[in-house]
Structures are given as C-alpha cells and as structure tokens.
Amino acid sequence: DTAVSQTPKYLVTQMGNDKSIKCEQNLGHDTMYWYKQDSKKFLKIMFSYNNKELIINETVPNRFSPKSPDKAHLNLHINSLELGDSAVYFCASSQSLTLAGTGRVFYEQYFGPGTRLTVT
Amino acid sequence: DQQVKQNSPSLSVQEGRISILNCDYTNSMFDYFLWYKKYPAEGPTFLISISSIKDKNEDGRFTVFLNKSAKHLSLHIVPSQPGDSAVYFCAASGSWNQGGKLIFGQGTELSVKP
C-alpha cells in the first residue's frame, strides 16, 4: 500500500544510453512532480504535471522528457545520458484546489523513495 | 541564488531536550512553508506546514514558528527522541498559481543522542 512508488530504485548505465524512471501514486492526487537531488544534496524541481498537463518546466536539458499517461503516473525519460545526470531523482504528488476567481493552491507533497541514477 | 537557506548543516542534541532547526528565506512572495524529514535512502517525509497568515503551528512534538518580518522560520522538536535523527529540510512555496513548486533549503542533519 505504498503511497508513491518509483522503479527502479537503483539504475547504473553508461554514457549515451537512454533510460526511463517510472512513478506511480495511489493517493488520488491530481498533481505529480519530479525533483533532482544533486551531489550537494539540494532538492530541485524539474517538472510538474496537473491532471496530465505540464505546469512546471524548469531549466532542464531537453534530453529529459516527462510523460504522464494518467493522473496516477508520471514517468521520466532521459536520452543520451551524461555523467552529470548522476543524481537521486524523486517523484512526488500533491492535491490541488481551484477556487473560483482566485486560482489554484497546492497542498503538501508526498515523495517516493527515490531512484539513484549512476552514469559511468 | 539560494532563496531558502538552512545555515546549520548539522545539529546534535541530547535525548529529551529541545531541538531547534532554523531556516531563512529571501523571497517575500513565499506564503506557504513546510518541513520535511529524510532518512538515508528514503524520500523526504512531510512533517508540518504553516501558512503565512499564521505565526505558529503545532502537531504533537513538532511546532513550526514563522517570523515574516525577519523572513525566518524554525522547527522545534520537544522532547527530542533518537528516532528523530535524520536530515530536516525546510521548503517554501508561493502557494497560489505557482504549480506547487517547492524551493528547498540544503538541509540540517539532526543527531539525537541517547
């Protein structure tokens, strides 16, 4: 009954390869995110999807392409992997609330266990 | 430019005492603040949050204080327990129409000694 799950947990691959990381949430949330934790331990947002619509796209190389087939899934595909892509990638989800005339508010995010990507 | 800063990379306290973790931010547009706890090889776990319309929020042993004029928030853990040993991240968001984007501090590693 894991709330936010990611596969694989560890991924070791060579430069130039293409790889995917999958994320699923069973919390019924409508928003999902990808974060990257670099070697200095900073957690930085990469992408966010709300109801399968891309709403956040930070300055990320276009080798990274998120895909959300439905509200419960957000996958991350990475082309032509580079050494600098080595990091821990976290998926997260949250619920949003839209108030008429005001806008949309997002509640606390729940994180998956992370995928440690090592590019050699 | 780091908009959320946790200036203490580590903190050590005795079991039963109070742990105080601090966080500073620079963006006055932030109106929602959260604390997360992270164990090694796990994802961050949500602990407690506070909206900018409040200056204090309490949940069991955890209390978050917000000082908007100083752009400062703190997390108090009382009493501290060995199981609280983890890395604590503060995060901030402009909650309205920002897509839920969280800006994280660099974390403070708390060690609670028996």
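Below or above, wherever it landed, is the structure these notes cover.

Rules of the game
Residues numbered from 1 in each chain as written. Chains lettered and ligands numbered in written order. Predicted model: local features only at pLDDT ≥ 70, side-chain atom pairs only at ≥ 80, totals over all residues. Heavy atoms only, no water. Helix = DSSP H or I, 4+ residues; strand = E, 2+ residues; numbered from the N terminus. Rg over C-alpha atoms; globule rule 2.2 N^0.38 Å. Areas by Shrake-Rupley, 256 points an atom, 1.4 Å probe, with all protein chains shown as cover. Contact = heavy atoms within 4.5 Å. Buried area = accessible area lost by both parts, 1.4 Å probe. Salt bridge = Lys/Arg side-chain N within 4 Å of Asp/Glu carboxyl O. Disulfide = S-S within 2.5 Å. Buried < 20%, exposed > 50% of the residue type's maximum accessible area, 1.4 Å probe, protein only. Polar contact = N/O pair within 3.5 Å; in protein donor to acceptor, adjacent residues only side chain to side chain. Pairing = 2+ DSSP bridges. Axes fitted to C-alpha atoms, helices over the stretch in contact; angles between N-to-C directions. Phe/Tyr/Trp six-rings, centres within 6.5 Å; stacked < 30°, edge-to-face > 60°. Patch = residues over 30% accessible without salt bridge, like charges linked within 9 Å, V, L, I, M, F, W, Y side chains within 5 Å.

**Quick notes on the overall build of chain A**
Right, so step 1: Within chain A, the regular secondary structure consists of zero helices and 13 strands.
Right, so step 2: Relative to the compact-globule value of 14 Å for 120 residues, chain A shows a C-alpha radius of gyration of 14 Å, a close match.
Right, so step 3: Carbon together with sulfur atoms contributes 50% to the accessible area of chain A, which is approximately 6,000 Å² in total.

**Section: the interface of chain B and chain A**
Right, so step 1: At the interface, 21 residues of chain B touch 26 residues of chain A.
Right, so step 2: Here chain B and chain A share an interface that buries about 1,900 Å² over both sides, 63% of which is from carbon and sulfur atoms.
Right, so step 3: The interface formed by chain B and chain A holds one salt bridge in total.
Right, so step 4: A:E58 is the salt-bridge partner of B:K101, the closest N and O atoms lying 3.1 Å from each other.

**Considering the state of the cysteines**
Residue and element names in this part refer to chain A.
Right, so step 1: Following the criterion strictly, the structure yields two disulfides over all chains and no others.
Right, so step 2: For C23, the disulfide goes to C91, at an S-S distance of 1.8 Å. Judged by the sign of its S-S torsion, about -75 degrees, the cystine formed by C23 and C91 is left-handed. Here C91 lies in strand β9 (residues 87-94) and C23 lies in strand β3 (residues 19-25), a separation of 68 residues in the sequence. Each member of the pair, C23 together with C91, is buried.

**Regarding the pattern of salt bridges**
Right, so step 1: A complete count under the given rule lists four salt bridges over all chains for this structure.
Right, so step 2: Salt bridges here are not isolated pairs; linked through shared partners, they connect A:R63, A:E82 and A:D85.

**Side note on the side chain of B:S74**
Residues and elements named next belong to chain B.
Right, so step 1: By secondary structure assignment, the location of S74 is in strand β8 (residues 72-77).
Right, so step 2: A distance of 3.4 Å separates the side chain of S74 from the side chain of H76, its partner in a polar contact.
Right, so step 3: Leave out the neighbours within four places in its chain, and S74 touches I20, L21, N22, W35, T63, V64 and F65.

**Description of the pairing of strand β6 (residues 53-57) of chain A**
Residues and elements named next belong to chain A.
Right, so step 1: Where strand β5 (residues 43-50) meets β6, four bridges bridge the pair, whose relative direction is antiparallel. Within β6, the residue paired with S48 across the bridge is I56.
Right, so step 2: What sits between the antiparallel neighbours β5 and β6 is a turn of two residues, in which N51 has the positive phi angle 50 degrees.

**Thoughts on the sheet that holds strand β7 (residues 64-70) of chain A**
In a beta sheet, neighbouring strands are held together by backbone hydrogen bonds and run either parallel or antiparallel to one another.
Residue and element names in this part refer to chain A.
Right, so step 1: Read across the open sheet, the four strands follow the order β1-β3-β8-β7; overall the sheet is antiparallel. The sheet terminates laterally at β1 (4-7) and β7, the two strands that pair on one side only. Strand-to-strand twist of the sheet, defined as the mean angle between neighbouring strand axes without regard to direction, takes the value 20 degrees.
Right, so step 2: Where β1 meets β3, four bridges bridge the pair, whose relative direction is antiparallel. Each bridged residue has a counterpart across the sheet, and for T7 the counterpart in β3 is K22.

**As for the packing of aromatic side chains**
Right, so step 1: If you walk through the whole model with that rule in mind, you get 13 aromatic pairs over all chains.
Right, so step 2: Measuring from ring centre to ring centre gives 5.3 Å for A:Y35 and A:F111, while their planes differ by 45 degrees; the resulting arrangement is tilted. Of this pair, A:Y35 sits in strand β4 (residues 31-37) while A:F111 sits in strand β12 (residues 110-111); the two residues are 76 residues apart in sequence, bridging distant segments of the chain.
Right, so step 3: Residue class for A:F111 comes out buried when judged on its relative accessible area of 11%.
Right, so step 4: Ring centres of A:F111 and B:Y36 lie 5.4 Å apart, and the angle between their planes is 85 degrees; this geometry places the pair in the edge-to-face category. Taken together, the residues span two chains, with A:F111 in strand β12 and B:Y36 in strand β4 (residues 32-38). Each of the two residues, A:F111 as well as B:Y36, counts as buried.
Right, so step 5: Through successive ring pairs, a cluster of aromatic residues spans A:Y33, A:Y35, A:F90, A:Y110, A:F111, B:Y36, B:F46, B:F89 and B:F104.

**Side note on a nonpolar patch on the surface**
All names here are of chain A.
Right, so step 1: There is a patch of nonpolar side chains on the surface, built from L97, L99 and Y107 and spanning about 240 Å² of accessible area.
Right, so step 2: Mapped onto the secondary structure, L97 falls in strand β10 (residues 96-99).
Right, so step 3: Given a relative accessible area of 37%, L97 falls into the partly exposed group.

Shape is all these values report; function is a separate question.
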